[in-house]
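# Observations on the model geometry
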Amino acid sequence: MRLILLGPPGAGKGTQAKSIINEYKIPHISTGDIFRKNIKEGTPLGKKAKDFIDKGLLVPDELVVDLVKSRLDEDDCENGFLLDGFPRTLVQATALEEVLGDSMKLDYVINIEVKKELLVDRITGRRMCKDCGAAFHVSFNPPKKESVCDLCDGELYQRKDDTVETVASRIDVYLNETMPLVDFYTKKDILLNVDGEQEISKVFEDIKKALGSEE
Ligand code: ADP
Ligand code: AMP
């Protein structure tokens with residue numbers, strides 16, 4: 001299955017991705033996670049991306065497209081993948097079509113819908129695992145043990161771009177640059193809308209139903 005997770009920052013893409021990849025046995029490709037890893041390791045890509053990310057801006061298209069192109073070339077993507085946080089612009093969406101060609105068409109784009117008013121609390125209360133990237137929330141999805149990841153015992157931290165100021169610019173960027181993709185994929189008849197304002201487990205149930213695999 002070749003899938004994209006679409007939705008504003010804080011919609012729950014990363015949270016749902018953990019369940020989706022487990023259910024459908026496909027690799028999770030989060031461009032945000034890849035950038036954070038590169039920043040942590042101080043690679044040239046990380047150095048180029050850091051300022052944009054810290055300011056809540058998008059990393060330039062060509063950097064992201066090259067990165068995704070080479071990731072999709074890896075063997076584990078042969079039978080499908082889950083893209084999370086990519087594409088985020090029409091330029092990226094068009095580039096992805098070219099990369100995939102006719103033989104590797106996308107199956108579905110899962111659009112997680114959450115209204116703007118809920119996003120600030122979700123993002124500022126988010127805590128991420130340093131080791132596996134799992135997302136928790138201080139109130140909505142707290143870890144069993146404070147500051148420790150339920151999945152791998154890794155340490156939880158707050159992302160540098162998860163501040164009130166940066167969130168505002170990330171939401172604006174989403175509305176201006178990424179929202180047009182809803183139309184783009186609706187026209188291709190592969191968009192599945194899911195209500196992301198429900199409990200985490202209910203959102204996942206709806207995703208499975210939308211993908212036609214409920215038991
Ligand atoms: P995204 O990857 O879309 O930016 P995340 O999956 O990191 O979003 O979720 C953002 C924050 O909201 C996290 O702290 C997460 O624990 C929390 N969250 C995710 N889904 C829900 C939900 N359905 N209800 C309440 N909080 C949620
Ligand atoms: P995310 O983890 O998806 O919230 O992404 C964190 C940040 O990484 C974003 O705010 C952007 O600065 C950058 N980023 C991630 N994916 C992309 C993308 N597809 N295009 C441009 N910038 C991106």
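In what follows, the accompanying structure is described. (Residues numbered from 1 in each chain as written. Chains lettered and ligands numbered in written order. Predicted model: local features only at pLDDT ≥ 70, side-chain atom pairs only at ≥ 80, totals over all residues. Heavy atoms only, no water.)

## Re the packing of aromatic side chains
Under the defined criterion, the tally for this structure stands at one aromatic pair. Ring geometry for Phe184 against Tyr185: centres 4.9 Å apart, planes inclined by 90°, an arrangement best described as edge-to-face. Cation over ring: Lys188 sits above Phe184, and NZ or CZ is 4.9 Å from the ring centre. (Phe/Tyr/Trp six-rings, centres within 6.5 Å; stacked < 30°, edge-to-face > 60°. Lys NZ or Arg CZ within 6 Å of the ring centre and 35° of its normal.)

## With respect to helix α5 (residues 90-100)
Taken together, the buried positions of α5 are occupied by Gln92, Ala93, Ala95, Leu96 and Leu100. Each buried residue of α5 sits inside an arc of 165° when the element is viewed along its axis, so together they form one side. For α5, the exposed residues lying more than 90 degrees away from the buried face are Val91 and Glu98. Among the residues trailing α5, Gly101 stands out with phi positive, at a value near 65°. (Buried < 20%, exposed > 50% of the residue type's maximum accessible area, 1.4 Å probe, protein only. Helix = DSSP H or I, 4+ residues; strand = E, 2+ residues; numbered from the N terminus. Arc of directions from axis to C-beta.)

## Some words on the packing of helix α6 (residues 116-124) against helix α7 (residues 164-178)
Helix packing geometry: the angle between the two helix axes and the distance between the axes. Remark: α6 packs on α7, axes separated minimally by 10 Å, with the N-to-C direction vectors making an angle of 135°. Taken together, α6 and α7 sit at an angle that is classed as oblique. Where α6 crosses over α7, the handedness of that crossing is right-handed. Touching Lys116, Leu119, Val120, Ile123 and Thr124 of α6 are Val164, Val167, Arg170, Ile171 and Leu175, all from α7. Of the residues that constitute the contact of α6 with α7, the class distribution is seven nonpolar, one polar and two charged. (Axes fitted to C-alpha atoms, helices over the stretch in contact; angles between N-to-C directions. Parallel < 35°, antiparallel > 145°, perpendicular 65-115°, else oblique. Left-handed = near helix turned anticlockwise from the far one by under 90°. Contact = heavy atoms within 4.5 Å. Nonpolar A, V, L, I, M, F, W, Y, C, P; charged D, E, K, R; others polar.)

## Some remarks on the sheet that holds strand β8 (residues 191-195)
Across a sheet, strands are paired by hydrogen bonds formed along the backbone, either parallel or antiparallel in direction. The strand order across the open sheet built from five strands is β2-β3-β1-β4-β8, with neighbouring strands paired in parallel fashion. Single-partner strands in this sheet number two, and they are β2 (28-30) and β8. The sheet shows a mean angle of 20° between the axes of neighbouring strands, direction not considered. Seen against the sheet, helix α2 (residues 31-41) touches β2 and β3 (81-84) and runs at an angle of roughly 65° to β2. (Pairing = 2+ DSSP bridges.)

## Quick word on the site of ligand 1
Around ligand 1 there are 20 residues in total, and Lys13, Thr15, Arg126, Phe136 and Gln198 lie nearest to it. Take Arg122: an N or O atom from its side chain is 3.3 Å from a nitrogen atom of ligand 1. Between ligand 1 and the protein, one listed contact pairs an oxygen atom with a side-chain N or O atom of Arg126 at 2.6 Å. Elements with a minimum of two residues in the shell around ligand 1: α1 (13-24), β6 (135-137) and α9 (200-210). (Near = heavy atom within 4 Å. Polar contact = N/O pair within 3.5 Å; in protein donor to acceptor, adjacent residues only side chain to side chain.)

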